[in-house]
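# Close look at the chain arrangement
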Amino acid sequence: REALQRDFDLDHNGNAEVGFCWFNFLIDNGAGKASLASISAYLHRLGRMKMVIPLYQNLVRHGLLEEARSIYASAGPSYHPITRASLDEMLNPRK
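My aim in this report is to walk through the structure given alongside it, one point at a time. (Residues numbered from 1 in each chain as written. Predicted model: local features only at pLDDT ≥ 70, side-chain atom pairs only at ≥ 80, totals over all residues. Heavy atoms only, no water.)

Residues Tyr42, Leu43, Tyr56, Leu59, Tyr79 and Leu87 are the most contacted members of the largest nonpolar core, which totals 26 residues. Counting only elements with at least two residues in this core, the list comes to α2 (16-28), α3 (36-45), α4 (49-61), α5 (65-75) and α6 (81-91). The element best represented in this core is α4, accounting for 6 residues. The residues contacting leucine 43, other than those within four sequence positions of it, are Val52, Leu55, Tyr56, Leu59, Ile71, Ala75 and Tyr79. (Core = buried A, V, L, I, M, F, W, Y, C linked by side-chain atoms within 4.5 Å. Buried < 20%, exposed > 50% of the residue type's maximum accessible area, 1.4 Å probe, protein only. Helix = DSSP H or I, 4+ residues; strand = E, 2+ residues; numbered from the N terminus. Contact = heavy atoms within 4.5 Å.)

Next up, the structure:
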């Protein structure tokens, strides 16, 4: 992971697809918490539902619900209303 980051600076790659794969890789391999600043920056600059929702789902699946909520609290207002509705339901389900 460190070698990939060092050689390719994937945390700051401008390609949305590369970022989506990279950040999911980090989360899946236990580096999600350590990479939250970069994941948050990515989710703040991207709004595509096909990438945003699965990334939040992966954060939640790996025990980072509160962190996902925190990111969403600041990034969410820039998302499309349909994306926000889906994330509202996922991150704050009705009881």
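Closest axis-to-axis distance for the α4/α6 pair is 10 Å, and the angle between their directions is 10°. Classified by the angle between their axes, α4 and α6 sit roughly parallel to one another. Residues Met49, Val52, Ile53, Tyr56, Gln57 and Val60 of α4 form the contact with α6, whose participating residues are Ile82, Thr83, Ser86, Leu87, Met90 and Leu91. Across the contact of α4 with α6, the residue classes tally to 9 nonpolar, 3 polar and no charged. (Axes fitted to C-alpha atoms, helices over the stretch in contact; angles between N-to-C directions. Parallel < 35°, antiparallel > 145°, perpendicular 65-115°, else oblique. Nonpolar A, V, L, I, M, F, W, Y, C, P; charged D, E, K, R; others polar.)

All right, on to the side chain of asparagine 24 then. With respect to the helices, strands and loops of the structure, asparagine 24 is situated in helix α2. Judged by its relative accessible area of 11%, asparagine 24 falls in the buried class. Discounting chain neighbours no more than four positions away, the residues touching asparagine 24 are Pro54, Leu55 and Asn58.

This part takes up the environment of isoleucine 39. Structurally, isoleucine 39 can be placed in helix α3. Isoleucine 39 sits 38 residues away from arginine 1 along the chain, and the two C-alpha atoms are 15 Å apart.

Remember, this is a structural readout, not a statement about activity or role.
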